[in-house]
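# Fold and contact review
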Amino acid sequence: EAWQKLIRILKHEILNSISPLKLIAAGMMDTIKPDTPGDPKAMLTESDLEVLQTGMRTIHARATGLSKFLDAYSNLYQVPEPQFEAVNVLSLLKGLETLFRDQFSAEQIGFRMEDTCPDRSIRLDKRLIEQVLINLINNAIDALKETSTKRIVLSASENSRDFIISVKDNGKGIPADQMESIFIPFFSTKERGNGIGLSFSQHVMSLHNGFLKGISQPGKGSEFQLIFRMILNN
């Protein structure tokens, strides 16, 4: 709730500055563009005009880009109410295997699926959980970029308390000092990451009365577990 409030405040305050900035930049671009050869604005040299127009275009583009960026973050927690249904876990995992099969082949990633409870169904929102697993598999693929022998394991298991779906890779891993921050909005271990994926995934799991757990060791890989409390699914 605190993160949602912070995001709303950030959006409100920053947009108050961005909106007039966009309008001013657009107006200045029109102002400095000569309408006719005899227009006084034509007294500016071509070099002057080019510098001014380039600057205005840059301001306008960055303001527009930042607006879109803020919209993405403001929608981070606007997840539809989960539609729970009984979903066969093995079928769910096989669907993901099919979805990524060509990419695994193209990037020479060895994929294995393990399901110790093939007939198990649990109540979840299939669309949301699929999106979480797609995010995690894409993260695993990114983590394998510099690994020679690439492996991803997708598995399902259960114990007396929890049902667990796991995505495990043998990639570069995550430094210990970053692990405590990976679920915080805006934080990313990727050079071009936006910090949305894991935070969104954790939020989806909270809507399922569960949570997302990350385990990682630098140089040996990472494992992310979707942990569903059995009381929800019995």
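Refer to the structure presented above.
What this report covers is the structure whose coordinates are included nearby. These figures come from a predicted structure and were not determined experimentally.

### Some thoughts on the pattern of salt bridges
Counted under the stated rule, the structure contains five salt bridges. Its salt-bridge partner being Arg120, residue Glu158 comes within 3.2 Å of it at the nearest N-O pair. Here Glu158 is found in strand β4 (residues 150-158), whereas its partner Arg120 is found in the loop between β2 (109-115) and β3 (121-124), with 38 residues between them in sequence. The exposure class of Glu158 is partly exposed, given its relative accessible area of 36%. A residue is classified by how much of its surface remains accessible, and Arg120, at 15% relative accessible area, is buried. With its nearest N and O atoms 3.4 Å apart, the salt bridge here joins Asp162 to Arg161. A residue is classified by how much of its surface remains accessible, and Asp162, at 5% relative accessible area, is buried.

### Looking at unusual backbone geometry
The phi dihedral of Gln108 is positive, around 55°, even though this residue is not glycine. Here Gln108 lies in the loop between α3 (89-106) and β2. Even without a glycine there, the phi angle at Asn209 is positive, about 55°. Along the chain, Asn209 falls in the loop between α6 (197-207) and β6 (210-217). Taking relative accessible area as the criterion, Asn209 reaches 51% and is therefore assigned exposed.

### Describing the packing of aromatic side chains
A complete count under the given rule lists two aromatic pairs for this structure. Measuring from ring centre to ring centre gives 5.7 Å for Phe100 and Phe104, while their planes differ by 25°; the resulting arrangement is stacked. In this pair, Phe100 and Phe104 both sit in helix α3, four residues apart, roughly one turn of the helix. Each member of the pair, Phe100 as well as Phe104, is classed as buried. Residue classification places Phe104 among the buried positions, given a relative accessible area of 5%.

Analysis parameters
Residues numbered from 1 in each chain as written. Predicted model: local features only at pLDDT ≥ 70, side-chain atom pairs only at ≥ 80, totals over all residues. Heavy atoms only, no water. Salt bridge = Lys/Arg side-chain N within 4 Å of Asp/Glu carboxyl O. Helix = DSSP H or I, 4+ residues; strand = E, 2+ residues; numbered from the N terminus. Buried < 20%, exposed > 50% of the residue type's maximum accessible area, 1.4 Å probe, protein only. Phe/Tyr/Trp six-rings, centres within 6.5 Å; stacked < 30°, edge-to-face > 60°.

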